[in-house]
Structures are given as structure tokens and as C-alpha cells.
Amino acid sequence: MTITVGKLAMAGVTLPEDVTLDAYCTTADEVTPQLPTAVTYTGADGKTYTLPAEWSCATYNASPDSASTFTWTVAAEQANFEFAEGVVTTGTIQVTNGTAMAVSITGTDAALTYDGSIYDVRGMFAIDENAGAATYAIVEGGTGAGTLEGSVLTITKAGTITIQVNTAVNMVENMPYAPGEATAILPVSKGTLNVTAPTGLTATHGQTLQEISLSDFVGWAWKNPTGNVGDAGDNTHTAVFTPDNTNLWNTAEADVNITVVKADIELAGVVKTYLVTEEGEKETAVFTYGDTITVKVAPVMPMLMVLTDELAKPLPNQMALYSGSTQISAPADAVDGVYTLIYQTTDKALTTGENEILVKYIGTDNLNSGMMNLKVTINPAELSIADVAVKSRP
């Protein structure tokens, strides 16, 4: 014969009461063994039963005399029991920590300018001599960054870095001293490297700074690369040094000397000779005695050279024509960038036939003198009968 026995119903429960610890505990795991191991229930038969309970704590407050919430749980599935409606199998109690002596920990903000060194953060805190071992950490959210090894901070980015210290519980002559914590802010400014400015630079009048290479000087660049190098002689311009790690170091500026030499003018291909007639100008290198030779020159000047027609003769920036060492034209100034030089063949400085004329430019403070030879042919003039006087013989 088979007899089926049903589960006994638990009709009531005696809830665990709040607990005040006699001794100070630093963690929830230290508290759990001091809590009841079972919860008392009343069965439908009027008898009492104790069922095993488990404890947990989501957030433990380790401060002395502080309360933390602990949760008890009895397994809802039991081999021999079941729970009547309204009879709970879980609940919470408040556990008040034991008394411990508080410790005094204060943080003091500090400031530094980065110089490549490591920094010991212990100097930012005053820690009670009764406090336990200290650990240091970087609080997230600052504008700076770094890494901590123990109390030694290696800075990786300038900005604000917040440091937190936590001390462990400590027993001094059987008296517990509670954990403590404090924070302090460390503003870190970027450092400035001691750099050497570029030297030994040369340029030609008319160049811009971007044409003067700084590739031999790592990290340097011109502050105003489109600026002009200046007049012939020594000129000072600003260059900027950009470090490899701009998270830690400032850029730096320095005055850099450039020795500027005079520029050459380009005459090849820009000197042309003209014959001026009633019909107008005609480009030619062949003339007849009696013609006026007009030479026009539009030299290629550096961009900074300002041509002017106000210079008194025969000052720099003028041009003239020469036959050998003999000047055969009046000096001329540039008008709208063109020099117009005139030679009258009747002046007889040149002979009939092929002649070589020297076109000469007189240099300035910023431009070298320049010259170019050109060849012209002067043909004899045709004689008319009217030009010949015939005398009869006596």
C-alpha cells in the first residue's frame, strides 16, 4: 500500500531583526557570519521550524556607526515545506557597523608646470598617523591625464588631474581606526622646451619665407611663411617650434636671422630694338644712318622691387646704352616697368655695319647690376643728287 504525504505549509514567519555590531567591520563579508543563519517559521501544525537563510549586501558602508542594508533569502522551494500565501521568503534588515575611531585626512590642491619629471602625489595629502595603508587613484573627468604607480604620477597630458587617496582600516592597540579618503586637484601647465633657433640661413632679395627651407631644423616653421625676406642685409623673422608632444609642451617662438643678398635681374629676351617712323614703331635690328634707335627693356624684377621714374640721373635703378665703355644714351628710368632708351645714329658713336650695344642696368641696394649685349646693323644712308655739289674745272 502506498501512502502519499503532502508538504507542511508554513503559515507565519518571524522576521529577522536589525543588528548593531559589537565590533567594527570593514567589509560585508566580515558582517555576514555575525547574522542569523536561519529564519524561524510557524507551521500549519502550530510548531516552529528554522529554515536556512543566505545574506547579501549590495552596498556596504564601512564608516563607523553607519548602517547598511542586508538582504536575507530562504529558498522558496523546500523538500518538505511550502509557504502559505503572504508568508515571505526574503526581506531586509539594517546592520549598524561597530564603533571605530575616525581618521583625519586632508587634501591640498597643488599646481605645477610640466618639466618632464614624475610627481609624487603624497605631498598633496596630510594623513592621520593612525590611518591604515594609503592607496592613490586618479579620479575620472579631469582635463589632464596620467598614470599612477603607487604614489608616483607620470603625467601624459597637461590639464587638471584629480587625485584620491583611500586609507584602510587600522588597528592600533586593539582600537580600530576607520578607513578614510580625501581628494586634491593638481592643475598641470604645459612646459616650455629650451630650444635652439635655426641659424646660418641665407636668401635672395625678392624671396618669401616659405622658399627658405627649415627642413634641417626639426620642428621649426615660419610664423608668416608668405612674408618677404626683406632688403639685402641681415633681417630677423619669427619662426615657431612645435614639439612632438603638444599635450605636454608649449610651442615656442624665436627670432631667426636671415642674411639676404641682392637679386639679379633677368635681361635675356626682354631687350628689343625699334625703329620709330611716322607709321609707328617697328621692331628691327637693322637701321639706316640717320635713324633713331629706340631700345626698350622690360626686365624681370623680383617681386619686391618697386620701379620708379623719380630717381635723379644717373642713380641706381636706371638703364643706359653703351658702346664699349662709352655711354651713348641718356640714362632712363622705368615707366610702368619698361625702360625706353634712345640712340640717334647721327651722333656717330656707332659706325655703319654691325655694331654691338651694351644695355646696362645700374643696381640698387637690393638688386645686382645687370647687362646684356645686343647687335644692330646700321646701313649707310642713300645719297641724292641734291646732296652733291659739283664744281666745274677752271
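These numbers were taken from a predicted model, which means no experiment stands behind them. (Residues numbered from 1 in each chain as written. Predicted model: local features only at pLDDT ≥ 70, side-chain atom pairs only at ≥ 80, totals over all residues. Heavy atoms only, no water.)

Asker: Teacher, can you tell me more about the overall build of the protein here?
Answerer: On a plain count of helices and strands, the protein comes out with one helix and 33 strands. Whereas a compact globule of 394 residues would reach a radius of gyration of roughly 21 Å, the protein reaches 51 Å, over 25% beyond that. With the C-alpha coordinates aligned to their principal axes, the bounding extent of the protein is approximately 190 × 60 × 30 Å. Expressed as a percentage of its 394 residues, the buried residues of the protein come to 36%. Long-range contacts, defined as pairs at least 24 residues apart, comprise 59% of the intrachain contacts of the protein with a sequence gap of at least 6. Carbon and sulfur atoms provide 49% of the accessible area of the protein, an area that totals close to 22800 Å². Each charge class in the protein was averaged separately, 16 positive and 44 negative side chains, and the resulting centres sit 26 Å apart. (Helix = DSSP H or I, 4+ residues; strand = E, 2+ residues; numbered from the N terminus. Rg over C-alpha atoms; globule rule 2.2 N^0.38 Å. Buried < 20%, exposed > 50% of the residue type's maximum accessible area, 1.4 Å probe, protein only. Contact = heavy atoms within 4.5 Å. Areas by Shrake-Rupley, 256 points an atom, 1.4 Å probe, with all protein chains shown as cover. Lys, Arg positive; Asp, Glu negative; His and termini not counted. Charge placed at Lys NZ, Arg CZ, Asp CG, Glu CD.)

Asker: In this structure, what is going on with the pattern of salt bridges? I would like to understand it.
Answerer: Oppositely charged side chains may form a pair once their charged atoms are brought near each other. Counting across every chain of the model gives three salt bridges. The salt bridge involving Glu253 is made with Lys223; its shortest N-O contact spans 3.1 Å. Here Glu253, found in strand 23 (residues 252-261), pairs with Lys223, found in the loop between strand 21 (220-222) and strand 22 (233-241); they are 30 residues apart in sequence, far enough to count as distant. In this pair, the class of Glu253 matches that of Lys223, namely exposed. Note that Lys296 and Glu281 form a salt bridge whose closest N and O atoms lie 2.8 Å from each other. One end of the pair, Lys296, is in strand 27 (residues 292-297); the other, Glu281, is in strand 25 (residues 280-283), and 15 residues separate them in sequence. (Salt bridge = Lys/Arg side-chain N within 4 Å of Asp/Glu carboxyl O.)

Asker: Is there a simple way to think about the sheet that holds strand 22 in this case?
Answerer: Strand pairs in the sheet, formed through backbone hydrogen bonds, run parallel or antiparallel to each other. Spatial ordering of the open sheet is given by 20-23-22-21, a layout of four strands whose pairing is mixed. Whereas interior strands pair on both sides, the edge strands pair on one side only; in this sheet they are strand 20 (201-204) and strand 21. Each adjacent strand pair in this sheet contributes to an overall mean axis angle of 45 degrees, direction not counted. As paired strands, strand 21 and strand 22 are joined by three bridges and run antiparallel to one another. (Pairing = 2+ DSSP bridges. Axes fitted to C-alpha atoms, helices over the stretch in contact; angles between N-to-C directions.)

Asker: Got a minute to help me understand the environment of Gly6 in this structure?
Answerer: Note on placement: Gly6 falls in the segment before strand 1 (8-14). Expressed as a C-alpha distance, the spacing of Gly6 and Glu82, which sit 76 residues apart in the sequence, is 9.5 Å.

Asker: Please clarify how the packing of aromatic side chains should be interpreted in this entry.
Answerer: Centre distance and the angle of the planes are the two values used to describe a pair of aromatic rings. This structure, assessed with the given rule, holds seven aromatic pairs. Measuring from centroid to centroid gives 6.3 Å for Tyr60 and Phe70, while their planes differ by 80 degrees, and the two rings are edge-to-face. In this pair, Tyr60 sits in the loop between strand 5 (54-56) and strand 6 (67-73) while Phe70 sits in strand 6, placing the two residues ten residues apart along the sequence. For the residue pair Tyr60 and Phe70, the accessibility class agrees, reading buried in each case. Taking 5.1 Å as the distance between ring centres and 70 degrees as the angle between the ring planes, the aromatic pair formed by Tyr114 and Trp249 counts as edge-to-face. Highlighted residues: Tyr114 in the loop between strand 10 (112-113) and strand 11 (119-120) and Trp249 in the loop between strand 22 and strand 23, separated in sequence by 135 residues. For the residue pair Tyr114 and Trp249, the accessibility class agrees, reading buried in each case. (Phe/Tyr/Trp six-rings, centres within 6.5 Å; stacked < 30°, edge-to-face > 60°.)

Asker: Sorry, what's going on with the pairing of strand 24 (residues 271-277) here?
Answerer: Sheet faces and side chains relate simply in a regular strand, where the side chains alternate between the two faces. Relative to strand 27, strand 24 runs antiparallel, the two sharing five bridges. Counterpart to Thr273 in the pairing with strand 27 is Val295. Of the pairings in the sheet, the one linking strand 24 to strand 25 comprises four bridges and is antiparallel in character. Paired with Leu275 across the two strands is Lys282, which belongs to strand 25.

Asker: I'm lost on the nonpolar core in this one. Help?
Answerer: The tendency in soluble globular proteins is for nonpolar side chains to be buried as a group. Counting residues in each nonpolar core, the largest one holds 26 residues, and the members touching the most others are Val295, Val297 and Val359. Broken down by secondary-structure element, the contributors of at least two residues to this core are strand 24, strand 27, strand 28 (319-323), strand 31 (338-344), strand 32 (353-361) and strand 33 (370-379). Apart from the residues lying within four places of it in its own chain, the contact partners of Val359 are Leu267, Val271, Val295, Val297, Met319, Ala320, Leu321, Leu341, Gly370, Met371, Met372 and Leu374. (Core = buried A, V, L, I, M, F, W, Y, C linked by side-chain atoms within 4.5 Å.)

Asker: How should I be thinking about the environment of Tyr339 in this particular structure?
Answerer: With respect to the element layout, Tyr339 can be found in strand 31. Each C-alpha atom of the pair Tyr339 and Ala221 lies 40 Å from the other, and the pair is 118 residues apart in sequence. Here Asn317 takes part through its backbone oxygen, which lies 2.7 Å from a polar atom of the side chain of Tyr339. (Polar contact = N/O pair within 3.5 Å; in protein donor to acceptor, adjacent residues only side chain to side chain.)

Asker: Honestly, the pairing of strand 15 (residues 152-157) in this entry has me stumped. Any pointers?
Answerer: Where strand 11 meets strand 15, two bridges bridge the pair, whose relative direction is antiparallel. By the bridge assignment, Tyr119 is partnered in strand 15 with Leu153. Across five bridges, the pairing between strand 14 (residues 145-149) and strand 15 is antiparallel. Counted as the bridge partner of Thr147 is Thr154 from strand 15. Connecting strand 14 to the antiparallel partner strand 15 that follows it, the hairpin turn spans two residues, and Gly150 within it adopts a positive phi of roughly 70 degrees.

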